[in-house]
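Here's the letter readout for the chains.
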Amino acid sequence: MNLRSTTPEDGESLLGFLRRLAAMNAYAHLGDFLSLVEVRYGRPMLDDLPSLAEKLGVDVGFLERIAPHANPDFATLDWRFQRSKLDPFCPACIQDGRVWKQSWRHCLVSACPEHGLVLQSRCPRCGVTLSSTKGGFRTCECGYQLQDFQRVEATAGEVHIARLIEAAGRENLEENIGPWKADVPGEISRFLFFLATSDHSTRSDKPGKVALPITLEATRDFMVPVHDLLADWPCAFDRNVEKRLNSGPQEFNSAPARLGKWYQRLMSFRGAAFDPFQEQVGKTVGRVFDGSYAGVLTPDEAREWIPAAKAAKLLRVRAERLVSAVSAGEVKGRLQHSGHGHRHTTISMDEVDRLRDLRARFVSSKDAGEFLGVAKKQFSLLIECGFIQTTSEDAKHPLVDGSVDLPALIALVDGIRNEIGPAPPNGRQVRFRDLNLRRTTDRKALFLLLRQIRDGQIRPVAALKDDLLADFAFCGEEVDRFIKGVSGPAPLTARGVAELTGWKHECVTHWCKEGLLKSSQGRRGGADTYFIRHQDLVEFQKRFVVVSDVAKRSGSTSKHIMAYISQDGMVTVGSKKAGTTSRCHLLDIDMLLP
């Protein structure tokens, strides 16, 4: 296939580049061109760019620079925020002969950052929505010129969002947008999504996971809260924080607890680019909140000091434990002595609130397991493989009982839930609760699998917002392929080795017990047994000859064979007493060598 080809331009989207190639090769419709080169735009195509490059006749390096992927340097190439149902454009850019921009593919963008026009996707003549299979480079399916599509002026907020996302990771802004001008962070998409979803509810009208907007109309509505926050920075953000403090659970006397999960998510964004938002929270708390605030921005107002006994009741710990922590300098408090040798310990309410938040933050392994919905044994495996981090007894605060960081655990589960992958049609699914040593006896393979899930390399195919981690579903074929690829063939039981080789089961078990046949112990079908890997069985056969095998092949008996070799001073190993005789004799092959 001889196609006319070229190279992508700076900022050009991969789908736009394919439209341009289609036009260069006289294909008015993108779908016809993709059929010609036998590709379908989507994740499988992006995972096999070398094949696409070969078909198009371009260097694969050019495609890699403009292809969306999971962890890009530029916000415009973040696969999670790529549009899947439509491919919008700016009519003015088309008229100027520009290429299709990467920012137009971003589902949080609804405007052209250069012309300030709302992006268009639906043909006014035929009603077709341009997508990865519809429309061409300059015309619609029906031949209508894209430059003649309706031109609607975008709001300032829409243009700001488009400019932020286009500049993220690439260049500085010409003017301040919110707190940013230089070094717009590459994580801007995730942060803008967080700001937008903070005031959104799910379809059931309950707080929780919010889906990405699909249509341009949905994007415009979805991003309105962010437009307001950026247009009137920092006043609009301060008002938002104050509103949250006033509407949060009033029984909590600390700002983080009052602000709840919103505060935890905000503080999870790291880097100087997000510092202005976190600093504004502290300033607003110091201005309007009369409770405590755990962190460097704690207000300085003095609060009531109470006896250690009362503080201990509030914290639900023994008073002696609290007094001991104050004496050791691990808790801030006052120690006073009376003239009769009595010691009085007082604690400020600020410190009590801090300790209460700290105790609530860490939960026991039992509570953490119930939060995940997993059994006790599986939870132990999750800790052992590093899926869950726990605090050692030495590192724990003296007033903290739990060892599992609950906010970190919540963030871990939410992170896994948010990375749902495509489910193969009619594919078999396996629940997270079933990923244990019953499914595979290979601990190494299981641990690697669990770490892959933790790191987002193996993604769930189904996970509702209210599901426990134990209920998350994964592709059964993918799980089995991974385990098989790591561990190879399943190990044999001692009985399986006996059936395969013809040796006595009691001999195989004896050799395992003696350490001559490398193995591991476990249970199968409710009974204890030994598991032998194929490679360990091969090594055993390389090292030893079973005397009974030699006897069978020579038409003799084990007794005669041992009598014969004893004439040369050789002795057997691995034997087992059986009454007045013995069995399970082995010959070390090295003894047979001259």
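What you see is a predicted model, and the numbers here were worked out from it, not measured in a lab.

A few words on the overall build of the protein chain. Scanning the protein chain for helices and strands turns up 28 helices and 14 strands. By the compact-globule yardstick of 25 Å for 594 residues, the protein chain is too spread out, its C-alpha radius of gyration being 34 Å. Along the first, second and third principal axes, the C-alpha atoms of the protein chain reach 100 × 100 × 40 Å. Burial analysis of the protein chain (594 residues in total) assigns 44% to the buried set. Once local pairs closer than 6 in sequence are excluded, the contacts in the protein chain between residues at least 24 apart make up 61%. Of the roughly 31,200 Å² that the protein chain leaves accessible, carbon and sulfur atoms contribute 49%.

Taken together, the side chains of Glu-9, Asp-10, Glu-171 and Glu-174 present a region of like negative charge at the surface. The residue Glu-9 is located in the segment before helix H1 (14–24) in this model. Note on Glu-9: relative accessible area 44%, which makes it partly exposed.

In this section: helix H24 (residues 505–514). Every α-helix carries 3.6 residues per turn, so stepping three or four residues along brings you back to the same face. Here H24 has its buried residues at Cys-507, Val-508, Thr-509, His-510, Trp-511 and Cys-512. Buried residues along H24 sit in contact with helix H23 (494–501), strand E10 (527–532), helix H25 (534–543), strand E11 (544–546), strand E12 (576–578) and strand E14 (586–588).

This next bit is on the packing of aromatic side chains. Pairs of aromatic rings are described using the distance from one ring centre to the other and the angle between the two planes. Per the stated rule, a full pass over the model turns up 26 aromatic pairs. When the centroid spacing of 5.6 Å and the interplanar angle of 45° are considered together, the rings of Trp-233 and Phe-237 count as tilted. Trp-233 sits in the partly exposed class, given a relative accessible area of 22%. The class of Phe-237 is buried, set by a relative accessible area of 1%. Put simply, the rings of Trp-180, Phe-191, Phe-194, Trp-233, Phe-237, Trp-262, Phe-269, Phe-274 and Phe-277 pair up and form one aromatic cluster. A cation over a ring is seen here: Arg-80 above Phe-193, with NZ or CZ 5.1 Å from the ring centre.

Turning our attention to the state of the cysteines. If you walk through the whole model with that rule in mind, you get 1 disulfide. Across the disulfide from Cys-507 sits Cys-584; the S-S distance is 2.1 Å. Measuring the twist about the S-S bond at about -80°, one finds the Cys-507-Cys-584 disulfide to be left-handed. Highlighted residues: Cys-507 in helix H24 and Cys-584 in the loop between strand E13 (581–583) and E14, separated in sequence by 77 residues. Comparing Cys-507 with Cys-584 shows no difference in burial state: the two are buried. Cysteine Cys-142 remains unbridged, with the sulfur of Cys-126 as its closest cysteine sulfur at 3.7 Å.

This brings us to H1. Burial analysis of H1 places 9 of its 11 residues in the buried class, the great majority of the element. Of all the positions in H1, only Leu-14, Leu-15, Gly-16, Phe-17, Leu-18, Arg-19, Arg-20, Leu-21 and Ala-22 are classed as buried. Looking at the packing, one finds that the buried side of H1 touches helix H2 (30–36), helix H3 (43–46), helix H4 (49–56) and helix H5 (60–66). In the stretch just after H1, Ala-26 is the one whose phi turns positive, near 65°.

Here the focus is the sheet that holds strand E9 (residues 520–524). The 3 strands are arranged E8-E10-E9 in an open sheet whose pairing can be described as antiparallel. If you trace the sheet from one side to the other, it starts and ends with strand E8 (492–493) and E9, each paired once. In terms of strand pairing, E9 meets E10 through 5 bridges, oriented antiparallel. Looking at E10, one finds that Arg-524 is bridged to Ala-527.

Right, let's talk about the nonpolar core for a bit. One finds Leu-108, Trp-180, Phe-191, Leu-192 and Trp-262 to be the most contacted residues of the largest nonpolar core, which totals 62 residues. At 7 residues, helix H8 (residues 188–197) tops the list of elements feeding residues into this core. With residues up to four places along the chain from it excluded, the contact list for Leu-108 reads Phe-81, Ile-161, Ile-165, Ser-189, Leu-192, Phe-193, Pro-213, Thr-219, Phe-222 and Met-223. If you look at the next biggest cluster of nonpolar residues, it comprises 32 residues, including Leu-372, Leu-446, Leu-450 and Ile-458.

Let's shift gears to the confidence of the model for the protein chain. Low pLDDT means the predicted atomic positions in that stretch should not be read closely. Overall, the predicted model of the protein chain reaches an average pLDDT of 87, with 93% of residues at or above 70. Element-level mean pLDDT values for the protein chain span from 74 in strand E2 (residues 334–337) up to 97 in helix H6 (residues 91–95). Contacts from residues 201–208, a stretch scored under 50 in pLDDT, to residues over four places away or in other chains number 9 contacts. Below pLDDT 50 for its whole length, residues 294–303 participates in 18 contacts with residues either more than four positions away or in separate chains.

Parameters at a glance
- Residues numbered from 1 in each chain as written.
- Predicted model: local features only at pLDDT ≥ 70, side-chain atom pairs only at ≥ 80, totals over all residues.
- Heavy atoms only, no water.
- Helix = DSSP H or I, 4+ residues; strand = E, 2+ residues; numbered from the N terminus.
- Rg over C-alpha atoms; globule rule 2.2 N^0.38 Å.
- Buried < 20%, exposed > 50% of the residue type's maximum accessible area, 1.4 Å probe, protein only.
- Contact = heavy atoms within 4.5 Å.
- Areas by Shrake-Rupley, 256 points an atom, 1.4 Å probe, with all protein chains shown as cover.
- Patch = residues over 30% accessible without salt bridge, like charges linked within 9 Å, V, L, I, M, F, W, Y side chains within 5 Å.
- Salt bridge = Lys/Arg side-chain N within 4 Å of Asp/Glu carboxyl O.
- Lys, Arg positive; Asp, Glu negative; His and termini not counted.
- Charge placed at Lys NZ, Arg CZ, Asp CG, Glu CD.
- Phe/Tyr/Trp six-rings, centres within 6.5 Å; stacked < 30°, edge-to-face > 60°.
- Lys NZ or Arg CZ within 6 Å of the ring centre and 35° of its normal.
- Disulfide = S-S within 2.5 Å.
- Pairing = 2+ DSSP bridges.
- Core = buried A, V, L, I, M, F, W, Y, C linked by side-chain atoms within 4.5 Å.
- pLDDT = per-residue confidence, 0-100.

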